[in-house]
Amino acid sequence: RRHNPWPEVAGRPPRSQHWPPFAAMVASIRESVARLRAGAPFIEPAQCLLLAMISMVALHVAMPVARVVPRDCFWGCIALAVLGIVLGELALRQMRRADCAFDPDAQPSVLLTSGCFAHTRNPMYLGMLLLPAGEAMMLGSVGALLPLPVFVAGLHFHFVRAEERRLEQAFGRDWIDYRRRVRRW
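In this report, we go over the structure that sits alongside the text. (Residues numbered from 1 in each chain as written. Predicted model: local features only at pLDDT ≥ 70, side-chain atom pairs only at ≥ 80, totals over all residues. Heavy atoms only, no water.)

1. Description of the overall build of the protein chain
Part 1 of the reasoning: The secondary structure content of the protein chain amounts to 7 helices and 0 strands.
Part 2 of the reasoning: Secondary structure elements of the protein chain, listed N to C terminal, follow the sequence α-α-α-α-α-α-α.
Part 3 of the reasoning: Here the protein chain holds 185 residues, and the buried ones make up 33% of them.
Part 4 of the reasoning: Counting only contacts in the protein chain whose residues sit at least 6 apart along the sequence, the fraction spanning at least 24 positions is 74%. (Helix = DSSP H or I, 4+ residues; strand = E, 2+ residues; numbered from the N terminus. Buried < 20%, exposed > 50% of the residue type's maximum accessible area, 1.4 Å probe, protein only. Contact = heavy atoms within 4.5 Å.)

2. Side note on the side chain of Thr120
Part 1 of the reasoning: Examined against the element boundaries, Thr120 turns out to sit in the loop between α3 (74-97) and α4 (123-139).
Part 2 of the reasoning: By relative accessible area, Thr120 is classed as buried at 4%.
Part 3 of the reasoning: Of the polar contacts made by the side chain of Thr120, one reaches the backbone oxygen of Arg184; its length is 2.9 Å.
Part 4 of the reasoning: Each residue touching Thr120, except ones within four places of it in the same chain, is listed here: Leu126, Tyr178, Val182, Arg183, Arg184 and Trp185. (Polar contact = N/O pair within 3.5 Å; in protein donor to acceptor, adjacent residues only side chain to side chain.)

3. Re the layout of surface pockets
Part 1 of the reasoning: Computed from the structure, the largest pocket encloses a volume of approximately 660 Å³.
Part 2 of the reasoning: Lining of the largest pocket is provided by 31 residues; of these, Met95, Ala101, Phe102, Met124 and Glu163 occupy positions nearest its centre.
Part 3 of the reasoning: Here the lining of the largest pocket takes 5 residues from helix α6 (residues 147-171), the largest share from any one element.
Part 4 of the reasoning: By residue class, the composition of the lining of the largest pocket is 22 nonpolar, 3 polar and 6 charged. (1 Å grid on protein atoms, 1.4 Å probe; cavity = no way out; pocket = protein on both sides within 12 Å on 5 of 7 lines; lining within 4 Å. Points joined across faces, edges and corners; volume = space filled by probe spheres on them. Nonpolar A, V, L, I, M, F, W, Y, C, P; charged D, E, K, R; others polar.)

4. Re the nonpolar core
Part 1 of the reasoning: Formed by 22 residues in total, the largest nonpolar core has its most connected members in Phe117 and Trp175.
Part 2 of the reasoning: Elements that contribute at least two residues to this core include exactly α3, α4, α6 and α7 (173-181).
Part 3 of the reasoning: Sort the elements by how many residues they give to this core and α4 lands first, with 6 residues.
Part 4 of the reasoning: Contact partners of Phe117, with chain neighbours within four places excluded, come to Ala91, Gln94, Met95, Leu112, Pro123, Tyr178 and Val182.
Part 5 of the reasoning: Judged by nonpolar contacts, the second largest core, of 11 residues, contains Leu49, Met128, Leu131 and Phe159. (Core = buried A, V, L, I, M, F, W, Y, C linked by side-chain atoms within 4.5 Å.)

5. Examining the pattern of salt bridges
Part 1 of the reasoning: For the structure shown, the criterion picks out 6 salt bridges.
Part 2 of the reasoning: Ionic pairing is found between Arg121 and Glu164, a salt bridge with its closest N-O pair at 3.1 Å. Here Arg121, found in the loop between α3 and α4, pairs with Glu164, found in helix α6; they are 43 residues apart in sequence, far enough to count as distant.
Part 3 of the reasoning: Since its relative accessible area comes to 9%, Glu164 is described here as buried.
Part 4 of the reasoning: Here Arg179 and Glu168 are joined by a salt bridge, their closest N and O atoms 3.4 Å apart. Of this pair, Arg179 sits in helix α7 while Glu168 sits in helix α6; the two residues are 11 residues apart in sequence, bridging distant segments of the chain.
Part 5 of the reasoning: Relative accessible area serves as the criterion here: at 32%, Arg179 is assigned to the partly exposed category.
Part 6 of the reasoning: Linked through salt bridges whose partners overlap, the residues forming this network are Arg121, Glu164 and Arg184. (Salt bridge = Lys/Arg side-chain N within 4 Å of Asp/Glu carboxyl O.)

Written out as structure tokens, the structure is:
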């Protein structure tokens, strides 16, 4: 007979509470299922970015078909990627100062219209676009460029449009005026 290290005993906490990593995993799965049932996206923007960047490298290695971006542009491509990082960081700091939620599914509490938000309605997403664009151009192959339009479409249709609907519901006329003044990208 096998020894059971966590016997179910009346008055004793459930098994998941005996082993904290298991409890955290169960809680995470329950939270993910609840979010999916509530209509939340299955994947977060940062995960999309990571997936796009990994896909670019993998396709560059797997399909080094043709180099479409000359090697002379290397430093310009690095500058583009760094610009994306800086823009995202500036937007993040501005959102922290305004005490905004970073969760793309959260109900908006503040309409930011100054700083980098005065030039683009989505500076974090624009930064997230510039980073892999710089990487894809740095790699330069056709394969590396293929995930970029998929990434942009995913951001636009899965995150940006949903966030803009929530902003319009939350801020009404102020959001509409801001949307008319400032470009999306």
